[in-house]
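Residue-level structure breakdown
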Amino acid sequence: MDYEELTLALSFSLRFLHRSDYVNCLCLNTKIRNRLLHSDSVLSIVRRKPRYGDIHTKFWKAIMLLGQEGFVDVRSDDDNCVELAFEDLSKSIPNFHPERLMKDEGIDGEIRRDVIRTFHNHKLFHYPGNRGQEVLEVVLRRISDNFFNLGYCQGMNYVAGAVIVSLADPQLVHFCSESDLESNPNSCQIQNERQIIDETYSIITGMIFRLQLSRLWGYGFPDMPLYSYALKCYLQEYCPAVVSHLSSIGFDLSIIVARWFIPLFSDNIPFSCLFRLWDFLLSYGFCGLFRIAVGLFRLYETEIVACEIVTFSDLLNRISNEDLVKESNVQRLFSVLMTLTTINPNS
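Summary of the structure given here. It should be emphasised that the depicted structure is a prediction, and the values quoted were computed from it without experimental measurement.

The subject of this paragraph is the packing of aromatic side chains. Applying the stated criterion across every chain yields a total of 19 aromatic pairs. Between Y227 and F261, the aromatic rings sit 6.2 Å apart at their centres with planes inclined by 75°, giving edge-to-face as the arrangement. Here Y227, found in helix α13 (residues 224–238), pairs with F261, found in helix α15 (residues 254–261); they are 34 residues apart in sequence, far enough to count as distant. Across the pair, exposure class does not vary: Y227 and F261 are buried alike. In this structure an aromatic cluster arises from ring pairing among Y227, Y234, F251, W260, F261, F265, F286, F290, F297 and F312. One residue, R142, lies across the ring of Y201, its end atom 5.1 Å from the ring centre. Between the NZ or CZ atom of R215 and the centre of the ring of F286, over which it lies, the distance is 5.2 Å.

Shown next, in the form of structure tokens:
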């Protein structure tokens, strides 16, 4: 059996594999990896709940490591990232902090304010003693310092916070309602703080390159108009009634790009669904952002075209807070995503 036949056979078999099996297939050969990384069949794998909660972070790291061919390594492009190690200098220069090469008080203030507002319904971030806020602030400052073309923008805090939760609470058992937060407040604490910081930073670094996030997170949101236009084109193809209706009520699609794309849906979709969407996104690439967005619009098309501007915002909140908590609705979303075949890396 030649590589083409093997790749075709594996493509048909993906729906029967688990995430770890998929990663093992990617390790077989470069040609197979390039073919399978962007395969629609990966949706059949990631739509299923994983057997173990921590499999998501392992899957993300493996996918980003195996898929890194074709984009610049984080430590080799000075235009994107500068990491300097001044460990020896820190011993000889008083008050020298190697992790803060340039301190921007404005960015520091933004980060500090957003950290306080991030996932306040999770015990990691609700109680200062659990160290979630401190870890999140360190990670965001490190990204801001090392990626000179990014700085910091609101939305990065939710992505970093979600990664921290995936590492420290992979079973997602420490999200609570306001009435539950006061019970057993110290049940979720970060013990291995340095390891969580390093792993979170490593995963987000991989995301920045894998999903080309400098186009969204960069100063001035450089490609937001382009993303808004591309989203409109895809919506025109799959649900033109939605485009027409949103235009009639004066809703600008750039709001969707800002609200969904910049935080990678982490502020809008329950984590039990979000992490599976990230499995797909990191395997598929940045065009997966458009596929997920169009999938949500198509899933709720009937309700959207009946909305006014205020009720549309209410619908978006309901989707994130209620609908996608239910597994049946998550499966409906993945079923829709599997039909959007023209939204792919080659389109």
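In terms of backbone geometry, most residues other than glycine have negative phi values and most peptide bonds are trans. Phi at L264 takes a positive value of approximately 55°, unusual for a residue other than glycine. With respect to the secondary-structure elements, L264 resides in the loop between α15 and α16 (271–284). The phi angle at F265 is positive, at roughly 70°, despite the residue not being glycine. Mapped onto the elements, F265 comes out in the loop between α15 and α16.

With that settled, consider the pattern of salt bridges. Following the criterion strictly, the structure yields 14 salt bridges and no others. The shortest N-O distance in the salt bridge between E199 and K61 comes to 2.7 Å. Within this pair, whereas E199 is found in helix α11 (residues 193–210), its partner K61 is found in helix α5 (residues 55–66), the two being separated by 138 residues in sequence. In this structure, a network of salt bridges that share partners links the residues D108, R112, E137 and R141.

Here we come to the side chain of R47. For R47, the position within the fold is in the loop between α4 (42–46) and α5. The buried charged residue R47 lacks any salt bridge partner; its closest oppositely charged side chain belongs to E327, at an N-O distance of 7.2 Å. Only 2.9 Å separates the side chain of R47 from the side chain of S335, close enough to count as a polar contact. Those residues in contact with R47, other than ones at most four positions away along the chain, are R276, E327, Q331, F334, S335 and M338.

Bringing the side chain of E199 into the picture now. Owing to a relative accessible area of 18%, E199 belongs among the buried residues under this scheme. In this structure E199 touches K61 and L167, once residues within four positions along its chain are discounted.

Another point: the environment of A306. Examined against the element boundaries, A306 turns out to sit in the loop between α18 (301–304) and α19 (309–321). Along the backbone, A306 and H245 are 61 residues apart, and their C-alpha atoms lie at a distance of 8.5 Å.

For the pair α13 and helix α17 (residues 287–299), interaxial distance at closest approach is 10 Å and the crossing angle is 45°. Classified by the angle their axes make, α13 and α17 are oblique. For the pair α13 and α17, the crossing hand works out as right-handed. Residue-level inspection shows Y227, A230, L231, Y234, L235 and Y238 of α13 in contact with α17, the latter providing L289, F290, A293, V294, F297 and R298. Residues belonging to the contact of α13 with α17 are distributed by class as follows: eleven nonpolar, no polar and one charged.

Looking now at α19. The end-to-end C-alpha distance of α19, which contains 13 residues, comes to 19 Å, matching closely the 18 Å that a straight helix rising 1.5 Å per residue would cover. Regarding α19, the residues found buried are F312, L315, L316, I319 and S320. Take α19 and look down its axis: the buried residues cluster within an arc of 130°, on one side only. More than 90 degrees from the buried face of α19, the exposed residues found are V310 and N321. Residues of α19 that are buried make contact with α14 (240–248), α15, α17 and α18.

Definitions and cut-offs
Residues numbered from 1 in each chain as written. Predicted model: local features only at pLDDT ≥ 70, side-chain atom pairs only at ≥ 80, totals over all residues. Heavy atoms only, no water. Phe/Tyr/Trp six-rings, centres within 6.5 Å; stacked < 30°, edge-to-face > 60°. Helix = DSSP H or I, 4+ residues; strand = E, 2+ residues; numbered from the N terminus. Buried < 20%, exposed > 50% of the residue type's maximum accessible area, 1.4 Å probe, protein only. Lys NZ or Arg CZ within 6 Å of the ring centre and 35° of its normal. Salt bridge = Lys/Arg side-chain N within 4 Å of Asp/Glu carboxyl O. Lys, Arg positive; Asp, Glu negative; His and termini not counted. Polar contact = N/O pair within 3.5 Å; in protein donor to acceptor, adjacent residues only side chain to side chain. Contact = heavy atoms within 4.5 Å. Axes fitted to C-alpha atoms, helices over the stretch in contact; angles between N-to-C directions. Parallel < 35°, antiparallel > 145°, perpendicular 65-115°, else oblique. Left-handed = near helix turned anticlockwise from the far one by under 90°. Nonpolar A, V, L, I, M, F, W, Y, C, P; charged D, E, K, R; others polar. Expected span 1.5 Å × (residues − 1). Arc of directions from axis to C-beta.

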